[in-house]
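# A structural walkthrough
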Amino acid sequence: MNRPAKEMILVLDFGGQYNQLIARRVREEHVYCEVHPHTLSLEKIREMAPKGIILTGGPNSVYKSESATCSPELFKLGIPVLGICYGSQLMAHLLGGKVDTAPTSEYGKTEVQVDKSASKLFHEVEGTTVCWMSHTDYIAAAPAGFEVTAHTPVCPVAAMENEAEKLYAVQFHPEVMHTVQGKVMLKNFVYEVCGCSGSWQMGSFVQETIAGLKEKIGAGRALCALSGGVDSSVAAVLMSKAIGKQLTCVFVDHGLLRKDEGDQVEAVFGPNGPYDVNFIRVNARDRFYARLKGVTEPEEKRKIIGEEFIRVFEEEAKKIGTVDFLVQGTIYPDVIESGLGNSATIKSHHNVGGLPDYVDFKEIVEPLRLLFKDEVRTAGRELGIPEYLVSRQPFPGPGLGIRIIGDVTEEKVKIVQEADAIYREEVDKAGVKGLGQYFAALTNMRSVGVMGDGRTYDYAIALRAVMTSDFMTAESAQLPWEVLQKVTSRIVNEVKGVNRVLYDCTGKPPATIEFE
Ligand code: XMP
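As the structure is a prediction and not an experimental result, all values here were calculated from the model.

### Some details on the side chain of Thr152
- Residue position: Thr152 is located in the loop between strand S7 (147-151) and strand S8 (159-162).
- Exposure remark for Thr152: the relative accessible area of 3% places this residue in the buried category.
- At a separation of 2.8 Å, a polar atom in the side chain of Thr152 contacts the main-chain amide nitrogen of Cys155.
- The residues touching Thr152, leaving out its near neighbours within four places in the chain, are Glu106, Thr110, Glu111, Val112, Met133 and Ala158.

Printed below as a string of structure tokens:
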């Protein structure tokens, strides 16, 4: 992808947990920002000519030989550098300071004493300010030429700087919201230290990306697997604005979508919608149901749905013939996740944005690969995509197939669709804020109930609502009891085949967010 802005901040990734947040915070200040691995060569960095460089946190100790590092030359490029946590220790270590194991680790909210209020980094920051610490090592002595600009009772160098060389370092994490004035500090780095002008807006990203795609694709043809999710929808609209009818979107309706979802996608991308694209909806419901018949094991269901999806898509692609480009809605967290690859497989994720190379195409285009989820949503709004598509919750590729415990049948799909629609409607109506994801799942449990004067022996619906910032961990949300009561009463009254509603109070870990 063409780099959409000349003025940019480069984040070098040393493996910390909050790296994605740093880039996002910088972009929130209207400065374009990209995250790259710490191994990025000096030559490449010079070529990119960033206005500033941020070194992220990381899990290691700088003095271990296998630890991630960078060239000391990085600090001599004349480009301002801000080291955060591990990045700050690395700066100290490589420039001749001393890094040691701290006598006590600091973890969590910590009061930091600013020693140099005139520091450009601490412009408009209080003398005592609460910051988020998470470290076992610390800078015991700053390198020559550096001034200590903040400390804590444990940490003699909570921040340091060499103003003349434009090198800054903070032991804490300004990017996390627990650092009360972290936003101000990052803003100060970007504007006061790096001298950025802050002209970047999502609108510029959108316009420049469209122009870049137009140039790249030329007269070529592109194919996009559309799931109706936020990422593939935004990618498809960007492409349609760039190349119009040269794009074909294939939407595989596997019959495991939420209530009315298939029609909603068609209303936007189909022939009566606002976009000038070729749209193919494949109603493959029966095929999927047939293949899932009698299958109860969740991983097997995932595999079957994934495989069948590919088969259907492939058949459609063959009808279209060779295309030049395959469009994928990959976003930045996907790039990072696929790069890690050494954690245990809990579930095999199927993502309709991520198809293997079985389709005849020359190149993959991923117009969103540098954006975070909420930025993709902002881009979507910028492009005029309807709000209900833009603000959609995450929805797994295998859809309701994995929100039905046990075997999948048409009847069960209908039950979970109806219950889920009621649940979402009531939660939305009640205006509950701060939920990361909420949905209904169908347990495989049937139990006795009484309705009217008769005995029932029906299914139990499980409601789930979680709060999460990264979907790696989550807490069960404390939904207002009135909302749960209303939803329960509506579900048992309106959805045939359900006589009990349960609320899942489990966090992740030990459970997962999906209920499968
Ligand atoms: P879990 O259940 O693993 O879910 O805690 C974490 C997040 O990932 C979503 N998820 C998926 N997304 N394809 C996807 O695109 C999948 O196969 C898939 N499985 C889970 C889940 O909805 C949650 O947001």
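Don't stop here, the text continues.
### Notes on the pattern of salt bridges
- Summed over all chains, the structure comprises 44 salt bridges.
- A salt bridge links Glu363 to Lys216; its shortest N-O distance comes to 2.8 Å. Here Lys216 lies in helix H5 (residues 202-217) and Glu363 lies in strand S14 (residues 363-365), a separation of 147 residues in the sequence.
- The salt bridge involving Glu418 is made with Lys259; its shortest N-O contact spans 3.3 Å.

### Let's talk about the confidence of the model for the protein chain
- With 94% of its residues at a pLDDT of 70 or more, the protein chain has an overall mean of 92.
- With pLDDT under 50 throughout, residues 1-5 is counted as low confidence; its partners more than four residues away or in other chains account for 18 contacts.
- Across residues 339-343, confidence stays below pLDDT 50; counting only partners more than four residues off in sequence or on other chains, it has zero contacts.

### Things to note about the sheet that holds strand S12 (residues 278-283)
- Pairing is parallel across the open sheet formed by five strands, whose spatial order is S12-S11-S10-S13-S14. Every other strand in the sheet has two partners, leaving S12 and S14 as the edge strands with one partner each. Across this sheet, the average inter-strand angle for adjacent strands is 25°, counted without regard to direction.
- Here strand S13 (residues 325-327) runs beside S14; their pairing, made up of three bridges, is parallel. Across the sheet, residue Val327 finds its bridge partner in S14, namely Val365.

### Observations concerning the nonpolar core
- Counting 71 residues, the largest nonpolar core has Leu12, Ile53, Leu74, Met239, Leu247 and Phe269 as its most contacted members.
- Sorting elements by how many residues they give to this core places helix H6 (residues 230-243) first, with nine residues.
- Three or more residues apiece are contributed to this core by two domains, here domain 1 (8-193) and domain 2 (202-390).
- Once you skip the residues sitting within four places of it in the chain, Phe269 turns out to touch Leu226, Ser233, Ala236, Val237, Tyr275, Val277, Phe279 and Leu389.
- Counting 49 residues, the second largest nonpolar core, distinct from the first, contains Val282, Leu292, Ala440 and Leu463.

### Description of the domain arrangement of the protein chain
- Looking at the protein chain, the domain boundaries give domain 1 (8-193), domain 2 (202-390) and domain 3 (403-503).
- Computed over C-alpha atoms, the centres of domain 1 and domain 2 are 37 Å apart.
- Each side of the interface is counted separately: domain 1 has eight residues, and domain 2 has eight residues.
- Buried surface at the junction of domain 1 and domain 2, both sides included, amounts to about 750 Å², of which 54% is carbon and sulfur.
- Of all residues in domain 1, Gln20, Arg24 and Arg27 give up the largest surface area on contact with domain 2, accounting jointly for 64% of the area buried on that side.
- Taken together, the links from domain 1 to domain 2 amount to two salt bridges.
- Connecting domain 1 to domain 2 are three residue pairs in polar contact (both at pLDDT 80 or more).
- For the side of domain 1 that touches domain 2, the elements supplying multiple residues, two or more each, are helix H1 (19-28) and strand S2 (32-37).
- Here the side of domain 1 that touches domain 2 is composed, by residue class, of three nonpolar, one polar and four charged.

### Examining the packing of aromatic side chains
- Counted according to the given criterion, the structure contains seven aromatic pairs.
- Taking 5.8 Å as the distance between ring centres and 45° as the angle between the ring planes, the aromatic pair formed by Phe14 and Tyr86 counts as tilted. With Phe14 in the loop between strand S1 (8-13) and H1 and Tyr86 in helix H3 (residues 86-94), this residue pair connects regions lying 72 residues apart in the sequence. Residues Phe14 and Tyr86 agree in their burial class; the two are buried.
- Lying across the ring of Phe439, Arg403 places its NZ or CZ 3.7 Å from the centre.
- Looking at Arg446, its charged tip hangs above the ring of Tyr459, at a distance of 5.3 Å from the centre.

Conventions adopted
Residues numbered from 1 in each chain as written. Predicted model: local features only at pLDDT ≥ 70, side-chain atom pairs only at ≥ 80, totals over all residues. Heavy atoms only, no water. Helix = DSSP H or I, 4+ residues; strand = E, 2+ residues; numbered from the N terminus. Buried < 20%, exposed > 50% of the residue type's maximum accessible area, 1.4 Å probe, protein only. Polar contact = N/O pair within 3.5 Å; in protein donor to acceptor, adjacent residues only side chain to side chain. Contact = heavy atoms within 4.5 Å. Salt bridge = Lys/Arg side-chain N within 4 Å of Asp/Glu carboxyl O. pLDDT = per-residue confidence, 0-100. Pairing = 2+ DSSP bridges. Axes fitted to C-alpha atoms, helices over the stretch in contact; angles between N-to-C directions. Core = buried A, V, L, I, M, F, W, Y, C linked by side-chain atoms within 4.5 Å. Domains from an automatic or database assignment. Buried area = accessible area lost by both parts, 1.4 Å probe. Nonpolar A, V, L, I, M, F, W, Y, C, P; charged D, E, K, R; others polar. Phe/Tyr/Trp six-rings, centres within 6.5 Å; stacked < 30°, edge-to-face > 60°. Lys NZ or Arg CZ within 6 Å of the ring centre and 35° of its normal.

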